[in-house]
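# Working through the structure, step by step
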Amino acid sequence: MTHIPLANAVTADLLEEFGSPLFVVNESVLRQTFRDFSRTFSTPEFPSHVAFSYKTNYLPAVCAILRNEGAWAEVVSGPEYRLARRLGHSPGEIVFNGPWKTRDELETALAEGACIVLDGLDEFSTVESLVGGFKQPARLGIRIAFNGGKTDWSRFGFAHGDATHILERIAKNPALDLHMLHSHCGTNVGDPGVYSGAAAGLVELAKLAAALHLAPAFIDLGGGFPSGVNLTPYARAITKTLRPLTHLFDTTPALLLEPGRSLVSLAMQLVCTVVAVKDIPGRGRAIILNGGRNLLPPACREGPGTLSVIRVKDVDQPPQSSYAPVAVFGPLCMPEDIINESALLPPLAPGDLVLVHEAGAYTITQSMPFIRPCPGVVLLGPDGPVLIRRAQTDEDLFACDVLPPHLKQS
Ligand SMILES: Cc1ncc(COP(=O)(O)O)c(C=O)c1O
């Protein structure tokens, strides 16, 4: 696993200034990761585009950096769509996915010219009822339900038979444009062969589309790639399987990918402080950190090795011989607030700092102000550290609440 170096002195200073715990985003790592990803998937056969999966980490600064690198946006809700537009994405650079889009969201995105990836028959009927008055035919994608990975994703998208039926209806309606064929086959997918399976399904559908004189501009294989590994075998698996498409249409469809985890996971760390050390009878040594499951939900830990803790307070590295297994708990008053059952760490004391690596995916967006407000986020940018999200306050926790008059203290 790759650990991003974060200077010890900088960390201590940062916490002094911005509080603890603290999320830290490394801009150069984020940019480099995007460049590596894009390069890996660009082939002479298929022009390719990368649409960042907003739900993985929609810190506006993170999305803006990726846009600046050339990323498009993959969104699954109105707020995400509007953020992408605010950050300067043209509708043509936005892919709108997800099992529920409101009628208003559909209408706005279609009218503006974004691609709506249809999730099911009901949504298709809503879209049919909306189109007609737009400047251009409604750009539609068809998501094929996928069920070949370790988790069942089959409830997202169409079964193959339904997809065929939708293709026929699109072919008959000049107000509709088949813009994309789509599949997303999981997250942290360890086997490139899973993508071959998904791509093969899309090739079959593309053949049906071609027979109906429909020509999708994009073939979208979704996200799901692991972070910190060489993705060349994934790129090979996809392009090899899609090769028949180069002869099927006048213009070969472009390859679109929607990575989240693989772009942002490594670029962000959570810096925590040890608040207590305990010897628990029957369990042994344990440390308690001031950040736990409230900031590191299960989704960010998918797969082995995505989370690690190291001691960073002392400049002199403690000798390897002093490392021993220790349980690492978060601060919540809940038994499930376990960060690591047995991490190999040097002796730690309250006040020591612990760095949680690979904390960029599904943390910020799934963090919850449970028991404590959420911490701030600092970007380590070209001009040094800059705050990109302030820490929540007590007032933020209760900002939406209303105390009815009869309950107010007189
Ligand atoms: C449709 C779609 N695209 C892209 C992603 C991003 O996945 P990952 O973060 O695993 O790359 C997801 C995640 O669930 C998704 O549902």
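So, here is what we can say about the structure in this document. (Residues numbered from 1 in each chain as written. Predicted model: local features only at pLDDT ≥ 70, side-chain atom pairs only at ≥ 80, totals over all residues. Heavy atoms only, no water.)

## Observations regarding the side chain of Ser265
Inspection of the secondary structure assignment puts Ser265 in the loop between helix H10 (261–264) and strand E10 (268–280). Classification of Ser265 by relative accessible area gives buried; the value is 2%. Excluding residues that lie within four positions of it along the chain, Ser265 makes contacts with Ser227, Glu358, Ala359, Gly360 and Ala361. (Helix = DSSP H or I, 4+ residues; strand = E, 2+ residues; numbered from the N terminus. Buried < 20%, exposed > 50% of the residue type's maximum accessible area, 1.4 Å probe, protein only. Contact = heavy atoms within 4.5 Å.)

## Focus on unusual backbone geometry
Following Ser20, the chain continues to Pro21 via a peptide bond in cis, the omega torsion being 0°. Look at His213: it is not a glycine, yet its phi comes out positive at around 65°. Mapped onto the secondary structure, His213 falls in the loop between helix H8 (192–211) and strand E8 (218–220). Positioned with a positive phi, Ile371 is a non-glycine residue whose angle comes to about 75°. Counting through the fold element by element, Ile371 comes out in the loop between strand E15 (353–356) and strand E16 (376–381). For Ile371, a relative accessible area of 46% translates into the label partly exposed.

## A word on the site of the ligand
Taken together, 17 residues lie around the ligand, and Thr187, Gly224, Glu258, Arg261 and Tyr362 are the ones closest in. At 2.9 Å from an oxygen atom of the ligand is found a main-chain nitrogen or oxygen belonging to Gly260. Between an oxygen atom of the ligand and a side-chain N or O atom of Tyr362, the distance comes to 2.5 Å. Notes on the ligand: free accessible area 390 Å², of which the protein chains cover 95%. When grouped by side-chain class, the residues that make up the shell around the ligand number 3 nonpolar, 9 polar and 5 charged. (Near = heavy atom within 4 Å. Polar contact = N/O pair within 3.5 Å; in protein donor to acceptor, adjacent residues only side chain to side chain. Areas by Shrake-Rupley, 256 points an atom, 1.4 Å probe, with all protein chains shown as cover. Nonpolar A, V, L, I, M, F, W, Y, C, P; charged D, E, K, R; others polar.)

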